[in-house]
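# Structural features, examined
Below are the chains, spelled out letter by letter.
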Amino acid sequence: RKEVEQDPGPFNVPEGATVAFNCTYSNSASQSFFWYRQDCRKEPKLLMSVYSSGNEDGRFTAQLNRASQYISLLIRDSKLSDSATYLCVVNNGNQFYFGTGTSLTVIP
Amino acid sequence: NAGVTQTPKFRVLKTGQSMTLLCAQDMNHEYMYWYRQDPGMGLRLIHYSVGEGTTAKGEVPDGYNVSRLKKQNFLLGLESAAPSQTSVYFCASSKPHLRWKGTEAFFGQGTRLTVV
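Residues numbered from 1 in each chain as written. Chains lettered and ligands numbered in written order. Predicted model: local features only at pLDDT ≥ 70, side-chain atom pairs only at ≥ 80, totals over all residues. Heavy atoms only, no water.

### A closer look at the overall build of chain A
Assigned secondary structure in chain A consists of 0 helices and 11 strands. Counted from the first residue to the last, chain A has its helices and strands arranged as β-β-β-β-β-β-β-β-β-β-β. Over its C-alpha atoms chain A spans a radius of gyration of 13 Å, differing by no more than 12% from the 13 Å that the globule rule assigns to 108 residues. C-alpha extents for chain A along the principal axes are approximately 40 × 30 × 20 Å. Within chain A, the proportion of its 108 residues that are buried is 48%. Expressed as a percentage of contacts within chain A between residues at least 6 apart in sequence, the contacts between residues at least 24 apart total 56%. For chain A, the separation between the mean place of its 10 positive charges and that of its 10 negative charges on side chains is 3 Å. (Helix = DSSP H or I, 4+ residues; strand = E, 2+ residues; numbered from the N terminus. Rg over C-alpha atoms; globule rule 2.2 N^0.38 Å. Buried < 20%, exposed > 50% of the residue type's maximum accessible area, 1.4 Å probe, protein only. Contact = heavy atoms within 4.5 Å. Lys, Arg positive; Asp, Glu negative; His and termini not counted. Charge placed at Lys NZ, Arg CZ, Asp CG, Glu CD.)

### Section: the overall build of chain B
Each helix and strand in chain B was counted, giving 0 helices and 11 strands. N-terminal to C-terminal, the α/β element order of chain B is β-β-β-β-β-β-β-β-β-β-β. For chain B, whose C-alpha radius of gyration is 14 Å, the value lies close to the compact-globule estimate of 13 Å for 116 residues. Here the C-alpha coordinates of chain B stretch approximately 45 × 30 × 25 Å along the principal axes. Out of the 116 residues belonging to chain B, those deemed buried represent 49%. For chain B, long-range pairs separated by at least 24 residues make up 55% of all intrachain contacts whose partners lie at least 6 apart in sequence. Surface accessibility of chain B: about 5700 Å² in total, with carbon and sulfur atoms responsible for 53%. (Areas by Shrake-Rupley, 256 points an atom, 1.4 Å probe, with all protein chains shown as cover.)

### Remarks on the layout of surface pockets
Vacant regions in the atomic arrangement are exposed by a probe of water-molecule size rolled over the atoms. If you add up the space inside the largest pocket, you get close to 500 Å³. Lining the largest pocket are 23 residues, and of these Gln38(A), Thr85(A), Gln37(B), Asp38(B) and Pro39(B) lie nearest its centre. Listed by contribution, the elements that provide at least two residues to the lining of the largest pocket are β9 (84-91) of chain A together with β4 (31-38) and β9 (87-94) of chain B. Classifying every residue of the lining of the largest pocket gives 8 nonpolar, 10 polar and 5 charged. (1 Å grid on protein atoms, 1.4 Å probe; cavity = no way out; pocket = protein on both sides within 12 Å on 5 of 7 lines; lining within 4 Å. Points joined across faces, edges and corners; volume = space filled by probe spheres on them. Nonpolar A, V, L, I, M, F, W, Y, C, P; charged D, E, K, R; others polar.)

### Observations concerning the sheet that holds strand β1 (residues 4-6) of chain A
Residue and element names in this part refer to chain A. One open sheet holds the 5 strands; their spatial order is β1-β3-β8-β7-β6, and the pairing between them is antiparallel. Since the sheet does not close on itself, it has two edges, and those belong to β1 and β6 (55-57), each with one partner. Neighbour-to-neighbour, the strand axes of the sheet open up by a mean angle of 20 degrees, direction not taken into account. Two elements, strand β3 (residues 19-25) and strand β8 (residues 70-75), share 6 bridges in a ladder whose sense is antiparallel. (Pairing = 2+ DSSP bridges. Axes fitted to C-alpha atoms, helices over the stretch in contact; angles between N-to-C directions.)

### Overview of the pairing of β4(B)
Residues and elements named next belong to chain B. The buried count for β4 comes to 8 of 8 residues, which makes it a mostly enclosed element. Alternating residues of β4 divide into Tyr 31, Tyr 33, Tyr 35 and Gln 37 and Met 32, Trp 34, Arg 36 and Asp 38, and every residue in both groups is buried. Bridge count for β4 against β9 is 7 bridges, and the pairing is antiparallel. The residue bridging Gln 37 from the neighbouring strand is Val 88, located in β9.

Structure representation (structure tokens):
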């Protein structure tokens, strides 16, 4: 079983739409959680960390449900510049585990 | 700020050739990682290091060796390249992980390697 699983998409949404990505992780001892963004042919970059209390950064909201081992990312009022692949990432101590990524295209 | 720098950025190898990928970070991070990224597979950990002079195997270590002689550098070697090692290689670094307080990984720009 993979450490981190996420729906690969693709998600094609119009500008201004709200879109949600989900991710599950297999190790209940996982300690910290992140969403990364990766643009085509570029390196992954941190979008936001994810906390049990939930956290928000502008149009982005991340949630963690430890009981269900489930992580989510909500993007409101989608912009063309949000088009990218979003990676769910879990840290178990010494190692980061990455989902395969969810592709988002925002359409004019 | 340079952050994490990988060299080279592109390389074409013939089967059986050897090469070394260099990763350098200027953030004084203890932890360093080498990943490969293939379509549909996501990022997979090859080897990692939790400090100078230490290395450990990740998920896909076969065919690769690493060394961490200096804290700021992490080298990935391919002794005899195979077409299956055609991939994009990313180096990353991070601070030591504190329980319940995540520390992010910072990535280099990647090395695109083709083995023919």
